[in-house]
Amino acid sequence: MMKNCFHLLQKLKKVWHNPTEDFKDMHNDLIQVALIKVGMNNKEDCTAFEEMKTAINSVFPPSSLSTFVLSNQKTKMAYINEVSSIAAGIRLHAWYSDKAGRFMFDVGKIMKVTLPKVCEDLHDELSDVRKDVEKLQNLLKEKVMKDFPNSDIQFHHEKLLLINAVNYFEFLKILKEDIEEIAIQTYKLDYTFAIQIKELNARLKTGPFTTADKVYPSYKNLAETWKSIQLEGHLLDFYISLFQELKKFSELAKLSEVSAISEVPQSDNNGSTEYEEIIIIHPDDVKNFEQITLEYQ
């Protein structure tokens, strides 16, 4: 997606010497760039292109392309950024009014379904892991009180399980805090978005004679807020994916067999081990991580 956007930008920014160049293709490129820049380039959104085309035409009609192609690169980029932001705001306003955007980002579902569910799942998982930690701690305390030999493989295996459970518990606590922060920010942004819509509607009540300098900034504010909401949504997807991967990893660790341990670390004179084998939960492959980092670099 980013490569495609860069390619289209290079085409749009180049100096055009032939005024009879195919303006239709250029106009389509501009629409495509706008969709990518504002995060509306969803392949399943079959209405996105036409809706964005309508929005762009209202502020930057095809007849303006003749001036655009003769501008320098700096001016072109300013045009593209400005038009993309305003057009995104226009489409968002139409979406909020149920006139467009069938596949737009469903903020309501995130707040009413996704966030409550993942928070509940995390709470339940934390509760279960806490019980596992307490159970293993009590078991090991009993063995220590009975002077159970440290060289026993079963004893060592239970210590590793405890280390794994404690690490997992700490990761879950951090994850829970991060997701709760996303929830707070999403609620704030959604409230801000609603206020901006209300203010925009008030400005639009003056009818067709509403001046651009009054409404265009409002459209741009809408686009900026929605972009922030999208970012929170992508972060939430990442954390949910991470939670699932951590859970799988922990379950696999709990299923480990005692027979998998070839030897028990020997203690030195001070009673400490020569090396401490600690299970750190860090899955090698976390879904969506590369996609998210590339998108927001």
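Procedures and definitions
- Residues numbered from 1 in each chain as written.
- Predicted model: local features only at pLDDT ≥ 70, side-chain atom pairs only at ≥ 80, totals over all residues.
- Heavy atoms only, no water.
- Helix = DSSP H or I, 4+ residues; strand = E, 2+ residues; numbered from the N terminus.
- Buried < 20%, exposed > 50% of the residue type's maximum accessible area, 1.4 Å probe, protein only.
- Contact = heavy atoms within 4.5 Å.
- Areas by Shrake-Rupley, 256 points an atom, 1.4 Å probe, with all protein chains shown as cover.
- pLDDT = per-residue confidence, 0-100.
- UniProt positions renumbered as here; feature names shortened; annotations may be inferred.
- Phe/Tyr/Trp six-rings, centres within 6.5 Å; stacked < 30°, edge-to-face > 60°.
- Axes fitted to C-alpha atoms, helices over the stretch in contact; angles between N-to-C directions.
- Parallel < 35°, antiparallel > 145°, perpendicular 65-115°, else oblique.
- Left-handed = near helix turned anticlockwise from the far one by under 90°.
- Nonpolar A, V, L, I, M, F, W, Y, C, P; charged D, E, K, R; others polar.
- Core = buried A, V, L, I, M, F, W, Y, C linked by side-chain atoms within 4.5 Å.
- Domains from an automatic or database assignment.
- Expected span 1.5 Å × (residues − 1).
- Arc of directions from axis to C-beta.

A.B. asks: Before we go on, may I ask you to explain the overall build of the protein chain in this structure?
C.D. replies: In terms of helices and strands, the protein chain carries nine helices and zero strands. In the protein chain, the succession of helices and strands from N to C terminus is α-α-α-α-α-α-α-α-α. The burial tally for the protein chain puts 38% of its 297 residues in the buried class. Contacts spanning at least 24 positions in sequence make up 79% of the contacts within the protein chain whose residues lie at least 6 apart. Total accessible area computed for the protein chain in this model is approximately 18,000 Å², and 54% of it derives from carbon and sulfur atoms.

A.B. asks: Whenever I open this one, the confidence of the model for the protein chain confuses me. Can you help?
C.D. replies: Keep in mind that low pLDDT regions are not for reading the predicted coordinates in detail. Scored by pLDDT, the protein chain has a mean of 76; 73% of the residues are at 70 or more. Here helix α9 (residues 289-295) is the element of the protein chain with the lowest mean pLDDT, 38, and helix α8 (residues 212-254) is the one with the highest, 89.

A.B. asks: Is there a simple way to explain the UniProt feature "coiled-coil region" (unreviewed entry) in the protein chain in this structure?
C.D. replies: Annotation from UniProt places "coiled-coil region" (unreviewed entry) at residues 119-146. The span residues 119-146 shows a helical share of 96% and a strand share of 0%, and its end C-alpha atoms are spaced 41 Å apart.

A.B. asks: Is there a simple way to think about the environment of Leu 204 in this case?
C.D. replies: Considering the arrangement of structural elements, one finds Leu 204 in helix α7 (residues 153-204). Through-space distance from the C-alpha of Leu 204 to that of Lys 214 is 8.8 Å; in sequence the pair is 10 residues apart.

A.B. asks: Sorry if this is basic, but what is going on with the packing of aromatic side chains here?
C.D. replies: Where two aromatic rings form a pair, the distance of their centres and the angle of their planes describe that pair. Tallying each qualifying case throughout the model produces four aromatic pairs. Measuring from ring centre to ring centre gives 6.2 Å for Trp 95 and Phe 193, while their planes differ by 65°; the resulting arrangement is edge-to-face. Note that Trp 95 is positioned in helix α5 (residues 73-96) and Phe 193 in helix α7, a separation of 98 residues in sequence. Pair check on accessibility: Trp 95 and Phe 193 agree, each one buried. The structure contains a cluster of three or more aromatic residues connected by ring pairs, namely Trp 95, Tyr 96 and Phe 193.

A.B. asks: Hey, could you run me through the packing of helix α6 (residues 107-145) against α7 in this one?
C.D. replies: When two helices pack together, their arrangement is given by the angle between their axes and by how far apart the axes lie. Their axes nearest at 8 Å, the elements α6 and α7 cross at an angle of 155°. Considering their axes alone, α6 and α7 lie roughly antiparallel with respect to each other. Crossing geometry of α6 relative to α7 is assigned as left-handed. Here the residues of the contact of α6 with α7 sort into 25 nonpolar, three polar and eight charged.

A.B. asks: When you look at the environment of Arg 203 in this model, what are you seeing that I'm missing?
C.D. replies: Within the element layout of this structure, Arg 203 appears in helix α7. Given a relative accessible area of 35%, Arg 203 falls into the partly exposed group. A sequence separation of 11 residues divides Arg 203 from Lys 214, and the C-alpha atoms of the two residues are 7.0 Å apart.

A.B. asks: Looking at this structure, how should I read the nonpolar core?
C.D. replies: When a protein is soluble and globular, its nonpolar side chains tend to lie buried together. In terms of nonpolar packing, the biggest core is built from 37 residues, with Met 40, Met 52, Ile 56, Phe 60, Phe 68, Leu 92 and Phe 193 touching the most fellow members. Within the residue set of this core, elements represented by two or more residues are α2 (23-37), α3 (48-59), α4 (65-69), α5, α6, α7 and α8. For this core, the element with the highest residue contribution is α5, accounting for eight residues. A domain-level breakdown of this core finds at least three residues from each of domain 1 (1-97) and domain 2 (107-257). By size, the runner-up hydrophobic cluster in this structure holds 26 residues, among which are Leu 136, Leu 161, Ala 165 and Leu 175.

A.B. asks: Teacher, can you tell me more about α5 here?
C.D. replies: With 24 residues, α5 should cover 34 Å at 1.5 Å per step; its first-to-last C-alpha distance of 34 Å lies within 8% of that length. At the C-terminal side of α5, Asp 98 shows a positive phi close to 60°.

A.B. asks: Help me understand α3, please; the structure alone is not making it clear to me.
C.D. replies: Residue pairs spaced three or four apart in an α-helix point in one direction, given the helix's 3.6 residues per turn. Helix length check: α3 (12 residues) gives 17 Å between terminal C-alpha atoms against 16 Å at 1.5 Å per residue, within 8%. Buried within α3 we find Ala 48, Glu 51, Met 52, Ala 55, Ile 56 and Val 59. For α3, the angular spread of the buried residues around the axis is 130°, confining them to a single face.

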